[in-house]
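# Structural characterization, general
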Amino acid sequence: MDFAVNLMLGFVGIVLINNFVFTKFLGTCPYLGVSGRLDMAFGMGLAVTFVTTLAGALTWLIDNLFLIPYHLEITRYVCYILVIAGAVQLVEMYLKKFFPPLYESFGIFLPLITTNCVILGLCLFLNLWEIRSFLMAVVLSFGAGMGFTMAICIMAGIRENLEMADIPECLKGAPITLITAGLLTLGFMGFAGMIK
Amino acid sequence: MSENNEMTVGGAFLGGIWTEIPVLRLMLGLCPTLAVTTSVKSGLTMGLCVVFVLICSNAVVSMMRNLLKPHLRILMFTLTIAAFVTIADMYLKAFQPEMSLKLGAYIPLIIVNCIIIARAEACAAKNGVLVSVVDGLAMGIGFTMVLCFLGAIREVLATGCISFSDTAVLTILNPVDKGGWFTPCTAMIMPVGAFVTLGLILGAVNQLSRKKA
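Described below are features of the structure shown in this document.

### Re the environment of valine 61 of chain B
All names here are of chain B.
- By secondary structure assignment, the location of valine 61 is in helix H3 (residues 40–63).
- You can call valine 61 buried: its relative accessible area is 1%.
- Linking valine 61 and proline 184, residues 123 residues apart in sequence, is a C-alpha distance of 46 Å.
- Ignoring sequence-local partners within four residues, the contact set of valine 61 consists of Phe77, Ala120, Ala124 and Ala125.

This is the structure in structure tokens:
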């Protein structure tokens, strides 16, 4: 029972309180780049969630079954990036073969995910936080992806309305997006301290 | 980038430190920019790591540019970069343990810093070794300048001074708790400060370059 509660808390924590975009600045590039339209943002979010869960689970397994027992920690970064690039490639090939419509709708996002910091960041943090249970690692990976999806969807919703707003000429585009993101983080700071 | 994809050494250098300064003009590499600029010192450390990785990876990518298969290109880039980031990370752990602890996961995250992959793709994969190295150096310096500038603004507004080590502290605004007048604004070292400061800087840069044009 304790374990189940811990899993729940871990999930809520990583989605709301330690949201990767708002507190750790991971995935800021797509967060600002792809958040122009809500449907695209949602597609990107789902693709990232899927790959994050897969890559988080795989890197955890490799780390704990292979790298740590054989003292190969020095190759960790190379292994992680290989796993992530491989996972993205696999997902891309699988979708292309079996779900062509879904593949079409993801379009350019899939290859871009390789260089999304959320995924590598999550794998590194799983290691840094010394998560020693596989189930917890999977739940946290999924949570990180969901947190990213939530953040990018909120941002896209705001930006669709910003198009109508009267902004000073020099702040149009990226600057106003960054300031909006700042205000959003301020809002999310309200969640801090909710879970001890 | 120049139209015919042939770059000169001087052009590459100028491009990196002003006309195509990363972060401000290309909007690349935002994650580390926002995350590590809580102080000048961490910004500088991060910047120097990026300079090192950028020069080395540009040189290696440039040397093997004729051997690359197009569809394996990105994978080879990231693997090269990962190898050099491991070196930088181990160096920091050995000689700057304090900074290494503070920057934590953001050093390995240099691997997915878009600047480095973008330079490998846009410059090193098309140009000779010398131009690529100069391009890496210039882009790295441009990146470091922005990091230090942003770090300086945030650190001064949050604490009133810039500290390089425990003893070398440069007081700019005299804070209240040391008998001065300036009330430190803690929000500046929080995520909010990062986003809003960068947004305003970008706005200012836009305004300046529009006047010139």
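### Focus on unusual backbone geometry
- Positive phi is not limited to glycine here, since phenylalanine 25 of chain A has a value of about 60°.
- In this structure, glutamate 130 of chain A is a non-glycine residue whose phi angle is positive, near 55°.

### Thoughts on the pattern of salt bridges
Residues and elements named next belong to chain B.
- Evaluated as defined, the whole model comprises five salt bridges over all chains.
- Between lysine 93 and aspartate 89 there is a salt bridge, with its nearest N and O atoms 3.2 Å apart. With lysine 93 and aspartate 89 both in helix H4 (residues 73–95) and four residues apart, this pair spans about one turn of that helix.
- The buried category is assigned to aspartate 89, whose relative accessible area is 5%.
- With its nearest N and O atoms 2.9 Å apart, the salt bridge here joins arginine 119 to aspartate 135. With a gap of 16 residues between them, arginine 119 in helix H6 (residues 114–124) and aspartate 135 in helix H7 (residues 129–159) connect regions that are remote in the sequence. Each member of the pair, arginine 119 as well as aspartate 135, is classed as buried.

### So, the environment of glycine 173 of chain A
- Inspection of the secondary structure puts glycine 173 of chain A in the loop between helix H9 (134–162) and helix H10 (174–188).
- Residues glycine 173 of chain A and leucine 32 of chain A, 141 residues apart in the sequence, show an inter-C-alpha distance of 9.7 Å.

### As for the packing of aromatic side chains
- A full pass over the atoms with the stated rule returns 13 aromatic pairs over all chains.
- Geometrically, the ring pair formed by phenylalanine 25 of chain A and phenylalanine 195 of chain B is tilted, given 5.5 Å between the ring centres and 55° between the ring planes. Taken together, the positions of phenylalanine 25 of chain A in the loop between helix H2 (20–24) and helix H3 (28–33) and phenylalanine 195 of chain B in helix H8 (residues 191–212) put the pair across two chains.
- Assessed through its relative accessible area of 0%, phenylalanine 195 of chain B is described here as buried.
- Among the aromatic residues, those joined into a ring-pair cluster are Phe20, Phe125 and Trp129 of chain A.
- A cation sits over an aromatic face here: lysine 24 of chain A above phenylalanine 125 of chain A, 5.4 Å from the ring centre.

### A word on the interface of chain A and chain B
- Across the boundary between the two partners, chain A contributes 37 residues, which contact 38 residues of chain B.
- For the pair chain A and chain B, the summed buried area comes to about 3200 Å², and 85% of that belongs to carbon and sulfur atoms.
- Area buried by chain A at its contact with chain B is led by Phe25, Tyr77 and Leu178 of chain A, which between them contribute 23% of it.
- Counting every contact that joins chain A to chain B gives three residue pairs in polar contact (both at pLDDT 80 or more).
- Residue assignment for the side of chain A that touches chain B shows that the elements contributing at least two residues are H2, H3, helix H5 (76–98), helix H8 (117–128) and H10 of chain A.

### Some remarks on H4 of chain B
- For H4 of chain B, built from 23 residues, the straight-helix expectation of 33 Å at 1.5 Å per residue is met to within 8% by its first-to-last C-alpha distance of 34 Å.
- Residues Phe77, Thr78, Thr80, Ile81, Ala82, Phe84, Val85, Thr86, Ala88, Asp89 and Leu92 of chain B constitute the buried set of H4 of chain B.

### Re H5 of chain A
- With 23 residues, H5 of chain A extends 32 Å between its outermost C-alpha atoms, agreeing within 8% with the 33 Å of an ideal straight helix rising 1.5 Å per residue.
- Among all positions in H5 of chain A, only Arg76, Tyr77, Tyr80, Ile81, Val83, Ile84, Ala85, Ala87, Val88, Val91, Glu92 and Leu95 of chain A are buried.

### Points about the side chain of serine 141 of chain A
- Its place among the elements puts serine 141 of chain A in helix H9.
- For serine 141 of chain A, the side chain forms a polar contact with the main-chain oxygen of alanine 137 of chain A, separated by 2.6 Å.

### Structural notes on the nonpolar core
- Tyr31 and Ile113 of chain A together with Ile110 of chain B are the most contacted members of the largest nonpolar core, which totals 92 residues.
- Counting residues per element, this core draws most heavily on H9 of chain A, which supplies 10 residues.
- Not counting residues within four places of it along the chain, the set of residues in contact with isoleucine 113 of chain A comprises Met44, Ala47, Val48, Val51, Val88 and Ile119 of chain A.
- Within the second largest apolar cluster, six residues are counted, among which are Ile167, Cys170, Ile176 and Ile179 of chain A.

Thresholds, definitions, all that
Residue indices begin from 1 for each chain and proceed along its sequence in written order. Whichever chain is written first becomes A and whichever ligand is written first becomes 1, with later ones labelled in order. Residues qualify for local features only when their pLDDT is at least 70, as the model is predicted, and side-chain atom pairs are given and counted only at 80 or more; totals for whole chains, interfaces and linings, by contrast, use all residues. Here the side-chain values reflect all heavy atoms present in the structure, with hydrogen atoms and water set aside. Helix and strand assignments follow DSSP, with helices taken as H or I runs no shorter than four residues and strands as E runs no shorter than two, numbered in order from the N terminus. The buried label applies to any residue whose accessible area, calculated with a 1.4 Å probe on protein chains only, is under 20% of its type's maximum; exposed applies above 50%, and partly exposed to all values in between. Whether two residues touch is decided by their heavy atoms; if any such pair falls within 4.5 Å, the residues are in contact. Salt bridge, as used here: a side-chain nitrogen of Lys or Arg that lies within 4 Å of a carboxyl oxygen of Asp or Glu. Pairing of aromatic side chains here covers Phe, Tyr and the six-membered ring of Trp, requires ring centres within 6.5 Å, and sorts the geometry by plane angle: under 30 degrees stacked, over 60 edge-to-face, intermediate tilted. Only when the NZ atom of a Lys or the CZ atom of an Arg is both within 6 Å of the ring centre and within 35 degrees of the ring normal do we say a charge sits over the ring. Buried area is understood as the total, over both parts, of accessible area removed when two parts are fitted together, assessed with a 1.4 Å probe. A 3.5 Å cut-off defines polar contacts: any pair of N or O atoms within that distance qualifies, except that in protein one atom must be a possible hydrogen donor and the other a possible acceptor, and neighbouring residues in sequence count only when both atoms are side-chain atoms. Take the number of residues in a helix, subtract one, and multiply by 1.5 Å to get its expected span. We define the nonpolar core as a collection of buried residues of types Ala, Val, Leu, Ile, Met, Phe, Trp, Tyr and Cys that are connected through side-chain atoms lying within 4.5 Å of one another.

So far we have only geometry, and geometry alone does not tell us how the molecule works.
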